[in-house]
Amino acid sequence: TDTLKVVGLICASVCAWYMGYFFAEVLPEDSLQTAIGSMQKMHLKPVLKAPLPKKQKCATWRTCSSSEVVYRIRSGAGKSVEPNICLEDETIIAGSKKNGNRGINIAVVSYETMKVIATKTFDMYEGDFSGPMVEFINKIPSGSIILVASHDDAVTKLNEAAKKVFEDLGSKEVRNLKFRSQWVLLTAKGVPIPNNIEREKVKCTT
(Lines give C-alpha, C1' and ligand atoms only; values in the text may rest on other atoms or scores of the structure.)
Protein backbone atom coordinates (compact mmCIF):
# COMPACT_ATOMS: atom_id res chain seq x y z
CA THR A 1 0.00 0.00 0.00
CA ASP A 2 0.98 3.66 -0.31
CA THR A 3 1.23 3.95 3.49
CA LEU A 4 3.73 1.08 3.72
CA LYS A 5 5.78 2.57 0.88
CA VAL A 6 5.96 5.89 2.68
CA VAL A 7 6.97 4.23 5.96
CA GLY A 8 9.61 2.19 4.16
CA LEU A 9 11.01 5.31 2.51
CA ILE A 10 11.17 7.10 5.83
CA CYS A 11 12.96 4.18 7.48
CA ALA A 12 15.47 4.00 4.64
CA SER A 13 16.13 7.71 4.85
CA VAL A 14 16.66 7.62 8.63
CA CYS A 15 19.03 4.64 8.34
CA ALA A 16 21.01 6.32 5.57
CA TRP A 17 21.36 9.51 7.62
CA TYR A 18 22.44 7.60 10.76
CA MET A 19 25.03 5.49 8.94
CA GLY A 20 26.52 8.59 7.30
CA TYR A 21 26.80 10.29 10.69
CA PHE A 22 28.38 7.16 12.21
CA PHE A 23 31.08 6.81 9.53
CA ALA A 24 31.91 10.53 9.61
CA GLU A 25 32.50 10.41 13.39
CA VAL A 26 34.31 7.06 13.70
CA LEU A 27 36.40 6.66 10.55
CA PRO A 28 39.51 8.76 9.84
CA GLU A 29 39.17 11.27 7.05
CA ASP A 30 41.40 9.37 4.59
CA SER A 31 39.50 6.15 5.25
CA LEU A 32 36.24 8.01 4.74
CA GLN A 33 37.46 9.42 1.42
CA THR A 34 38.60 5.94 0.34
CA ALA A 35 35.21 4.53 1.27
CA ILE A 36 33.41 7.27 -0.64
CA GLY A 37 35.65 6.66 -3.65
CA SER A 38 34.86 2.97 -3.55
CA MET A 39 31.17 3.69 -3.29
CA GLN A 40 31.35 6.00 -6.31
CA LYS A 41 32.90 3.18 -8.35
CA MET A 42 30.28 0.66 -7.35
CA HIS A 43 28.17 1.52 -10.36
CA LEU A 44 31.03 0.43 -12.62
CA LYS A 45 31.08 -3.11 -11.23
CA PRO A 46 28.76 -5.73 -12.71
CA VAL A 47 25.73 -6.46 -10.58
CA LEU A 48 24.81 -10.10 -10.26
CA LYS A 49 21.10 -10.77 -10.40
CA ALA A 50 19.27 -13.94 -9.59
CA PRO A 51 17.67 -15.48 -12.69
CA LEU A 52 13.93 -15.18 -13.01
CA PRO A 53 11.98 -18.32 -12.11
CA LYS A 54 11.44 -20.50 -15.14
CA LYS A 55 7.81 -20.87 -16.14
CA GLN A 56 6.64 -24.45 -16.26
CA LYS A 57 3.92 -26.13 -18.30
CA CYS A 58 0.71 -24.12 -18.74
CA ALA A 59 2.61 -20.99 -17.63
CA THR A 60 2.58 -22.14 -14.00
CA TRP A 61 5.38 -21.31 -11.56
CA ARG A 62 5.33 -24.58 -9.64
CA THR A 63 7.78 -27.28 -10.71
CA CYS A 64 6.04 -30.61 -11.10
CA SER A 65 7.59 -34.06 -11.29
CA SER A 66 7.29 -36.19 -14.41
CA SER A 67 4.65 -38.31 -12.69
CA GLU A 68 2.38 -35.32 -12.06
CA VAL A 69 -0.13 -33.82 -14.46
CA VAL A 70 -0.01 -30.06 -14.95
CA TYR A 71 -3.26 -28.18 -15.52
CA ARG A 72 -4.64 -24.68 -15.21
CA ILE A 73 -8.25 -23.53 -15.23
CA ARG A 74 -8.93 -19.82 -15.49
CA SER A 75 -12.41 -18.35 -15.70
CA GLY A 76 -13.27 -15.39 -17.85
CA ALA A 77 -13.96 -12.03 -16.19
CA GLY A 78 -16.62 -9.73 -17.59
CA LYS A 79 -16.24 -9.43 -21.35
CA SER A 80 -12.53 -8.64 -21.54
CA VAL A 81 -10.72 -11.57 -19.86
CA GLU A 82 -11.31 -14.83 -21.70
CA PRO A 83 -11.48 -18.29 -20.10
CA ASN A 84 -8.50 -20.60 -20.40
CA ILE A 85 -8.15 -24.32 -19.77
CA CYS A 86 -4.69 -25.85 -20.22
CA LEU A 87 -3.53 -29.43 -19.69
CA GLU A 88 0.10 -30.59 -19.96
CA ASP A 89 1.02 -27.37 -21.79
CA GLU A 90 -1.76 -27.84 -24.35
CA THR A 91 -4.38 -25.09 -24.48
CA ILE A 92 -7.73 -26.87 -24.63
CA ILE A 93 -10.07 -23.90 -24.32
CA ALA A 94 -9.20 -20.26 -24.96
CA GLY A 95 -10.68 -17.27 -26.73
CA SER A 96 -7.82 -17.28 -29.23
CA LYS A 97 -8.82 -20.80 -30.29
CA LYS A 98 -12.43 -19.60 -30.68
CA ASN A 99 -13.82 -22.43 -28.58
CA GLY A 100 -14.12 -20.50 -25.32
CA ASN A 101 -17.14 -18.24 -25.11
CA ARG A 102 -19.82 -16.73 -22.91
CA GLY A 103 -21.45 -19.15 -20.52
CA ILE A 104 -20.06 -22.44 -19.22
CA ASN A 105 -17.02 -23.93 -20.96
CA ILE A 106 -16.43 -27.65 -20.44
CA ALA A 107 -13.42 -29.78 -21.38
CA VAL A 108 -13.53 -33.56 -21.06
CA VAL A 109 -10.27 -35.50 -20.76
CA SER A 110 -9.59 -39.23 -20.62
CA TYR A 111 -8.17 -40.22 -17.23
CA GLU A 112 -6.20 -43.06 -18.83
CA THR A 113 -4.58 -41.26 -21.75
CA MET A 114 -4.86 -37.61 -20.62
CA LYS A 115 -6.13 -36.80 -24.11
CA VAL A 116 -9.01 -34.44 -24.81
CA ILE A 117 -12.27 -36.25 -25.59
CA ALA A 118 -14.51 -33.22 -26.14
CA THR A 119 -14.92 -29.49 -25.52
CA LYS A 120 -18.19 -27.59 -25.46
CA THR A 121 -19.50 -24.14 -24.54
CA PHE A 122 -23.07 -23.49 -23.42
CA ASP A 123 -24.39 -19.93 -23.46
CA MET A 124 -26.17 -19.23 -20.18
CA TYR A 125 -27.30 -15.70 -21.03
CA GLU A 126 -29.37 -16.14 -24.19
CA GLY A 127 -31.23 -19.16 -25.45
CA ASP A 128 -32.16 -22.38 -23.67
CA PHE A 129 -28.96 -24.41 -23.40
CA SER A 130 -29.28 -25.91 -19.93
CA GLY A 131 -31.04 -28.95 -21.39
CA PRO A 132 -28.37 -29.68 -24.02
CA MET A 133 -25.67 -29.13 -21.38
CA VAL A 134 -27.26 -31.67 -19.02
CA GLU A 135 -27.51 -34.13 -21.92
CA PHE A 136 -23.85 -33.52 -22.82
CA ILE A 137 -22.68 -34.07 -19.24
CA ASN A 138 -24.78 -37.21 -18.81
CA LYS A 139 -23.16 -38.69 -21.93
CA ILE A 140 -19.60 -38.10 -20.66
CA PRO A 141 -18.09 -41.59 -20.31
CA SER A 142 -16.95 -42.98 -16.98
CA GLY A 143 -13.22 -42.56 -16.52
CA SER A 144 -13.21 -38.93 -17.59
CA ILE A 145 -11.84 -35.77 -15.99
CA ILE A 146 -14.05 -32.71 -16.38
CA LEU A 147 -12.70 -29.16 -16.31
CA VAL A 148 -15.14 -26.25 -16.18
CA ALA A 149 -14.57 -22.52 -16.59
CA SER A 150 -17.23 -19.81 -16.70
CA HIS A 151 -17.09 -16.70 -18.85
CA ASP A 152 -19.10 -13.48 -18.53
CA ASP A 153 -22.45 -14.92 -17.34
CA ALA A 154 -22.94 -18.54 -16.29
CA VAL A 155 -26.14 -18.38 -14.29
CA THR A 156 -28.99 -16.44 -15.95
CA LYS A 157 -30.31 -19.46 -17.90
CA LEU A 158 -28.89 -22.11 -15.58
CA ASN A 159 -31.94 -24.18 -14.59
CA GLU A 160 -32.54 -26.54 -11.69
CA ALA A 161 -31.66 -29.69 -13.66
CA ALA A 162 -28.31 -28.19 -14.66
CA LYS A 163 -27.50 -27.19 -11.09
CA LYS A 164 -28.39 -30.69 -9.93
CA VAL A 165 -26.10 -32.36 -12.48
CA PHE A 166 -23.16 -30.24 -11.31
CA GLU A 167 -23.98 -31.06 -7.69
CA ASP A 168 -23.96 -34.74 -8.61
CA LEU A 169 -20.45 -34.19 -9.98
CA GLY A 170 -19.36 -32.77 -6.63
CA SER A 171 -19.90 -29.02 -7.01
CA LYS A 172 -20.46 -27.18 -3.73
CA GLU A 173 -20.73 -23.71 -5.24
CA VAL A 174 -23.04 -23.98 -8.24
CA ARG A 175 -26.01 -22.63 -6.26
CA ASN A 176 -23.93 -19.68 -5.07
CA LEU A 177 -23.27 -18.35 -8.56
CA LYS A 178 -24.34 -14.77 -9.24
CA PHE A 179 -24.46 -12.73 -12.44
CA ARG A 180 -20.93 -12.69 -13.88
CA SER A 181 -19.48 -14.81 -11.07
CA GLN A 182 -16.09 -16.28 -11.94
CA TRP A 183 -16.34 -20.05 -11.49
CA VAL A 184 -13.93 -22.94 -12.06
CA LEU A 185 -14.47 -26.61 -11.32
CA LEU A 186 -12.31 -29.73 -11.57
CA THR A 187 -14.17 -32.99 -11.22
CA ALA A 188 -14.39 -36.49 -12.69
CA LYS A 189 -16.71 -39.34 -13.55
CA GLY A 190 -15.87 -42.78 -12.24
CA VAL A 191 -12.33 -41.93 -11.15
CA PRO A 192 -10.98 -40.43 -7.90
CA ILE A 193 -9.64 -36.88 -7.61
CA PRO A 194 -6.89 -36.44 -4.95
CA ASN A 195 -8.15 -34.74 -1.79
CA ASN A 196 -5.28 -32.26 -1.70
CA ILE A 197 -6.34 -30.63 -4.99
CA GLU A 198 -8.47 -27.49 -4.91
CA ARG A 199 -11.47 -28.61 -6.94
CA GLU A 200 -13.67 -25.54 -7.11
CA LYS A 201 -13.56 -21.79 -6.68
CA VAL A 202 -16.05 -18.97 -7.09
CA LYS A 203 -15.47 -15.25 -7.09
CA CYS A 204 -18.57 -13.11 -7.15
CA THR A 205 -18.45 -9.73 -8.90
CA THR A 206 -20.71 -6.75 -8.36
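The structure reproduced in this document is the subject of the present report.

Cut-offs and rules
- Residues numbered from 1 in each chain as written.
- Predicted model: local features only at pLDDT ≥ 70, side-chain atom pairs only at ≥ 80, totals over all residues.
- Heavy atoms only, no water.
- Buried < 20%, exposed > 50% of the residue type's maximum accessible area, 1.4 Å probe, protein only.
- Helix = DSSP H or I, 4+ residues; strand = E, 2+ residues; numbered from the N terminus.
- Arc of directions from axis to C-beta.
- Contact = heavy atoms within 4.5 Å.
- Core = buried A, V, L, I, M, F, W, Y, C linked by side-chain atoms within 4.5 Å.
- Polar contact = N/O pair within 3.5 Å; in protein donor to acceptor, adjacent residues only side chain to side chain.
- Salt bridge = Lys/Arg side-chain N within 4 Å of Asp/Glu carboxyl O.

### Description of helix H4 (residues 160-168)
Of the residues making up H4, those classed as buried are Ala162, Lys163, Val165 and Phe166. Within H4, the buried residues cover an arc of 160 degrees as seen down the axis, which keeps them to one side. Buried residues along H4 sit against strand E4 (103-110), helix H3 (130-138), strand E6 (144-151) and strand E7 (182-189). Phi turns positive one or two residues past the end of H4, at Gly170, with a value near 110 degrees.

### Observations concerning the nonpolar core
Ranked by internal contacts, the top residues of the largest apolar core, which has 23 residues, are Ile104, Ile106, Met133, Ile137 and Phe166. Here this core gets 4 residues from one element, more than from any other, and that element is H3. Non-local contacts of Met133, meaning those with residues more than four positions away in its chain, are made with Ile104, Ile106, Phe122, Met124, Leu158, Ala162 and Phe166.

### Quick word on the side chain of Ser150
Position of Ser150 relative to the elements: it lies in strand E6. Here Ser181 takes part through its backbone oxygen, which lies 3.3 Å from a polar atom of the side chain of Ser150. In this structure, Ser150 is in contact with Ser75, Gly76, Pro83, Gly103, Asn105, Ser181, Gln182 and Trp183, ignoring residues within four places of it in sequence.

### Let's talk about the pattern of salt bridges
Applying the stated rule across the entire model yields 8 salt bridges. We note a salt bridge from Lys57 to Glu88, for which the minimum N-O separation is 2.8 Å. Residue Lys57 is located in the loop between helix H2 (29-41) and strand E1 (71-74), and its partner Glu88 is located in the loop between strand E2 (84-87) and strand E3 (90-94); the two are separated by 31 residues in the primary sequence. We classify Lys57 as partly exposed; its relative accessible area is 37%. Note that Asp168 and Lys164 form a salt bridge whose closest N and O atoms lie 2.9 Å from each other. Linking Asp168 with Lys164, this pair stays in helix H4, spanning 4 residues, or about one helical turn. Residue classification places Asp168 among the exposed positions, given a relative accessible area of 55%. Residue Lys164 is classed as partly exposed on the basis of its relative accessible area, which comes to 41%.

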